[in-house]
2 protein chains.
Amino acid sequence: MTIEFNNTAPLYKQLYDFIKNEIKKGNMKVGDKLPSKRNLSAHLSISQNTIETAYQQLAAEGYVKSVPKSGFYVCEIEEFSAPIEIKPKRSPENIQEPKPKQYRYDFRTNTVDTAFFPFSTWVKISKEIMHDENRELLKTTHPQGDYHLRESISKYLHHYRGVNCLPEQIIIGAGTEYLLGLITQLLGRNRVYAIENPGYPKTYKILKSHNANIKFIRLDEDGLKIDDLARSNANVVYITPSHHFPLGIIMPISRRMQLLKWAHQSADRFIIEDDYDSEFRFNGRPIPALQGLDVNEKVIYISTFSKSIAPSIRISYMVLPMPMLQRFSDEYSFYSSTVSRFEQYTLFRFIQGGHFERHLNRMRNVYRSRKDALIEEIKKLSFGEKIEIIGENAGLHLMLRVHGRLTENDLITRAEKVGIKLYGLSEYYLAPFENMPNNVVVIGYSNYNKSEIAKAIHLLNKVWT
Amino acid sequence: MTIEFNNTAPLYKQLYDFIKNEIKKGNMKVGDKLPSKRNLSAHLSISQNTIETAYQQLAAEGYVKSVPKSGFYVCEIEEFSAPIEIKPKRSPENIQEPKPKQYRYDFRTNTVDTAFFPFSTWVKISKEIMHDENRELLKTTHPQGDYHLRESISKYLHHYRGVNCLPEQIIIGAGTEYLLGLITQLLGRNRVYAIENPGYPKTYKILKSHNANIKFIRLDEDGLKIDDLARSNANVVYITPSHHFPLGIIMPISRRMQLLKWAHQSADRFIIEDDYDSEFRFNGRPIPALQGLDVNEKVIYISTFSKSIAPSIRISYMVLPMPMLQRFSDEYSFYSSTVSRFEQYTLFRFIQGGHFERHLNRMRNVYRSRKDALIEEIKKLSFGEKIEIIGENAGLHLMLRVHGRLTENDLITRAEKVGIKLYGLSEYYLAPFENMPNNVVVIGYSNYNKSEIAKAIHLLNKVWT
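Quick caveat: nothing in here was measured; it's all calculated off a predicted structure. (Residues numbered from 1 in each chain as written. Chains lettered and ligands numbered in written order. Predicted model: local features only at pLDDT ≥ 70, side-chain atom pairs only at ≥ 80, totals over all residues. Heavy atoms only, no water.)

A. A look at the relation of the copies chain B and chain A. If you rotate chain B by 180° and push it 0.0 Å along the axis, it lands on chain A with an RMSD of 0.1 Å. In the structure described here, the two chain copies are related by an operation that fits a two-fold rotation axis. (Least-squares fit on C-alpha atoms with pLDDT ≥ 70 in both.)

What follows is the structure, given as structure tokens:
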């Protein structure tokens, strides 16, 4: 055995690698005895301890076995001799991650302006909670999330959203997408899900990923059509009643009551209420959640801090009705909470200290003035009277219906030429149906200030006329 | 209309609530006209603006509708008159969360000692990254997680675990449980999963929650039996090869090669390698991961920072083989990353700065000395020679097989009498089979120091003899 030792790795590691390779190459065969430690030590001029370490590692991994009072022998590993197809090595070139296209102005809906986030407050709270007396926070928390945070969320929900719940009903999770997946598990197999069409494409994708049976339900001016829902055989319906995504419809009380009645007609029916951006209503108070009208434990309420704080803070929550809570607690509480306990506690203190409310009030003003600027700029356009503004009373996006000869596709491709990314309403149609409008674009305006909005919309003058 | 205003809420809110309740109670009926703003203003001595705000809110929610140049009229909400069953109100009493039983010493396996966590370093890094220039961190990150973190994980995996991967193959997620759920989505329907029996009960529960078809595979002294696997019809196998949970078996190279050969025999076969506590091997170097031996893109490698840093920091990761990576990128990259970007970046800096390696080295020493103390104390027991210690070479738990007349149940209930919680091996048998040992307990020793271990084990002298 001749080894040229170098300085790049410990000696035992080099000896171990050498023997391992000899076995793999077939130069050392099943049953071959390794040299005795004494002989090899003299031969290689390394200590017997070094050799022992290498031999023990080979034995632990099963390349050799130790026979007491005899020595170490090569084990049988037949597959090394069998042909194994070697695929070309991976290289970054063949798995490059696609880079999203960059625009001067991208009016996407899934963003918020993070420039106003109170970093210093958040850091101050983080510092306060991360000290030795809080080592408890390093341990696992309740599967539904930190009780303090759930308590502050339940107070907030009661006060601002008209949601009627106890902290015990709340489950904190790493994003609405995760919670929707959990809901599909909780509701079990053989469910038929109804979703709004048009609607939120991610919801469709998530339900599909969980092999759910999905029905698309059309909307009228009051939102989801109850007759269609009843005919669909669905027993779970996902809706955005406070501010339909993307149409902006606020579901009126009569439709809400019909929906609750539908759910009440069968024990296995449930409603998933996604209240994703209800904090941002600009005239009057927020529309109370459907959950608050539900006296029959039919509504699963779900909401997020992604819009109200920042998308990178992955904290969402849901309120479970009692029958589902029981099921969660019995069968699914083995799932650990998916949100870092530090961030749960930071958020709790952020809410408790009134910072969340202040931040929301501030952002409501910021976004209102942006929305007003957007509408004003659109009206100023030379063809402004041809543009109908839809769904502008709540949320962080609105729609433009452009009457005239330009189609949705024209509107978008022409805007792209001046560096503006707009989104066609058709993207949100999960299944096509007759009479889909073909001249509507969706604009998420949260990420640009008034002067940016003015510049962007002004650019449309050139290309949309 | 007679309202007694109070000081607890804004006037418009009180008026809005009053009218809403009148409608709900049926005192105001469909088609009824609300009093004109001028008349009501004079009658109630409040401003017309206040009334306008209340009326607009009622209109936004659909209780009334505005008829131009005429006034506001009550809408039809037929369900208010329909009988709706009112369930008893929720109270904390009927949904109390069960409190886990407390013991003097709880030797559970799913914990680590957080006393050594370098809080001050973590806080220092957090402070450094949370400042205005890093507002970028508030925006959404790549669906697979922050690239910097994935890069540092891939370097760590290459160096310490023999895992061969590019950062592009890594997906960061909020816990191994979440990632396992994602794997079931990626692998799609009609899969048959093989899991080790005994094995990790959570894996079974997670797969079951995702409606997977599950087969239990027995183990011999080298781990999972390949013959049984081949006969099972499974096309995905979940294993813990570096340190079987809970038996502690290190799967030898020959069995690993057989397993890879099994996977190679069919295009739809995959291996999920859960490397949950491989950082903690106390004699020699860690056992290289199975993934490093795989040249055919068959192994999904999964690991976590829960054991190596802290359970409350929910960061796990998986390495996808190329075919699955493609599928993820094409069909599942709509899922947002489930881990807070702040914590991803903090962890990246923690690894990059060498703190992770230092922390691991320190913990390895801490846990080694605890394991040694545990073994020493067991040998000191008056009946020590009857106790066989199994699986002590790696990981944060070991097993005691107690020869004599006491059964597993005796061992556990007697230990409980002196405040010690031990776990029977039978808890980890996911399906019963013949010749299950009935005198083995599993001890997770990571959470107690040497003197606590000595005290706890000494207590067994009284009850186990």
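B. Spatial organisation of the domain arrangement of chain A. Under the domain assignment, chain A is made up of domain 1 (11-74), domain 2 (132-353) and domain 3 (359-464). Relative placement of domain 1 of chain A and domain 2 of chain A: their C-alpha centres are 60 Å apart. (Domains from an automatic or database assignment.)

C. Quick look at the pairing of strand 6 (residues 213-217) of chain A. All names here are of chain A. Sheet analysis places strand 5 (residues 192-196) next to strand 6, joined by five bridges and oriented parallel. Bridging across to strand 6, A194 finds its partner in K215. In this view, the connection linking strand 5 to its parallel neighbour strand 6 by way of helix 7 (residues 201-209) has right-handed handedness. (Pairing = 2+ DSSP bridges. Helix = DSSP H or I, 4+ residues; strand = E, 2+ residues; numbered from the N terminus. Right-handed = clockwise from strand over helix to strand, strands pointing away.)

D. Here's a closer look at the interface of chain B and chain A. Between chain B and chain A, the residue contacts involve 102 residues of the former and 102 residues of the latter. Between chain B and chain A lies a buried interface of about 9100 Å² when both sides are counted; carbon and sulfur atoms form 58% of it. Run the count over chain B and chain A and you get zero salt bridges. Put simply, chain B and chain A have 34 residue pairs in polar contact (both at pLDDT 80 or more) between them. Here the element with the most residues in the side of chain B that touches chain A is helix 9 (residues 253-264) of chain B; it accounts for six residues. (Contact = heavy atoms within 4.5 Å. Buried area = accessible area lost by both parts, 1.4 Å probe. Salt bridge = Lys/Arg side-chain N within 4 Å of Asp/Glu carboxyl O. Polar contact = N/O pair within 3.5 Å; in protein donor to acceptor, adjacent residues only side chain to side chain.)

E. Representation of the side chain of B:Q185. Tracing the chain through its elements places B:Q185 in helix 6 (residues 176-187). Within the local environment of B:Q185, its side chain forms a polar contact with the side chain of A:H210, the two groups lying 3.3 Å apart.

F. Up close: the sheet that holds strand 16 (residues 423-424) of chain B. Residue and element names in this part refer to chain B. Read from one edge to the other, the open sheet built from four strands follows the order 13-14-17-16, with strand pairing classed as antiparallel. What marks the edges here is a single partner per strand, and that holds for strand 13 (387-390) and strand 16. Where strand 13 and strand 14 (residues 397-402) come together, four bridges link them in antiparallel fashion. In the strand pairing of strand 14, I389 is matched with L400. In the packing of helix 12 (residues 355-380) onto the sheet, the strands contacted are strand 13, strand 14 and strand 17 (440-444), and the crossing angle to strand 14 comes to about 10°. (Axes fitted to C-alpha atoms, helices over the stretch in contact; angles between N-to-C directions.)

G. Representation of the pattern of salt bridges. For the structure shown, the criterion picks out 35 salt bridges over all chains. Among the salt bridges present, the one from A:E128 reaches A:K124, with a minimum N-O distance of 3.4 Å. Here A:E128 and its partner A:K124 are both found in helix 4 (residues 119-129), four residues apart, which amounts to about one turn of the helix. Taking the shortest distance from any N to any O, the salt bridge between B:K13 and B:D17 comes out at 2.7 Å. Linking B:K13 with B:D17, this pair stays in helix 1 (residues 11-25), spanning four residues, or about one helical turn. Under the relative-accessibility criterion, B:D17 is labelled partly exposed at 23%. Through salt bridges with shared partners, a single network forms among A:K101, A:E416 and A:K421. (Buried < 20%, exposed > 50% of the residue type's maximum accessible area, 1.4 Å probe, protein only.)

H. Structural context of the environment of B:N283. Turning to its location among the elements, B:N283 is positioned in the loop between strand 10 (270-274) and strand 11 (299-304). Beyond its immediate sequence surroundings of up to four residues, B:N283 is in contact with A:Q57, B:K371 and B:N393. Of the polar contacts made by the side chain of B:N283, one reaches the side chain of B:N393; its length is 3.3 Å.

I. Looking closely at the environment of A:V237. Residues and elements named next belong to chain A. With respect to the helices and strands, V237 occurs in strand 9 (residues 236-239). Note on V237: relative accessible area 0%, which makes it buried. Sequence spacing of V237 and D274 is 37 residues, and the spatial spacing of their C-alpha atoms is 11 Å. With near-sequence residues (within four places) excluded, V237 lies in contact with A194, L224, L229, L259, W262, F270, I271 and I272.

J. Structural view of the sheet that holds strand 12 (residues 316-319) of chain A. Residue and element names in this part refer to chain A. The seven strands are arranged 4-12-11-10-9-5-6 in an open sheet whose pairing can be described as mixed. On the outer flanks of this sheet lie strand 4 (170-173) and strand 6, each paired with one strand and no other. Each adjacent strand pair in this sheet contributes to an overall mean axis angle of 20°, direction not counted. Running at roughly 110° to strand 4, helix 5 (residues 147-161) makes contact with strand 4, strand 11 (299-304) and strand 12 of the sheet.

K. Spatial organisation of the packing of helix 13 (residues 408-417) of chain B against helix 14 (residues 450-464) of chain B. Residues and elements named next belong to chain B. Between helix 13 and helix 14, whose axes approach to 9 Å, the crossing angle comes to 115°. The chirality of how helix 13 crosses helix 14 is right-handed. On the side of helix 13, the interface is formed by L411, R414 and A415, while helix 14 contributes L460, V463 and W464. Each residue belonging to the contact of helix 13 with helix 14 can be placed in one class, and the counts come to five nonpolar, no polar and one charged. (Left-handed = near helix turned anticlockwise from the far one by under 90°. Nonpolar A, V, L, I, M, F, W, Y, C, P; charged D, E, K, R; others polar.)

L. Structural context of the nonpolar core. In terms of nonpolar packing, the biggest core is built from 146 residues, with A:W464 and B:W464 touching the most fellow members. The residues touching A:W464, leaving out its near neighbours within four places in the chain, are A:F383, A:I387, A:L400, A:V402, A:L406, A:L411, A:R414, A:A415, A:L422 and A:V441. Within the second largest apolar cluster, 60 residues are counted, among which are A:L182, A:A212, B:L186 and B:L325. (Core = buried A, V, L, I, M, F, W, Y, C linked by side-chain atoms within 4.5 Å.)

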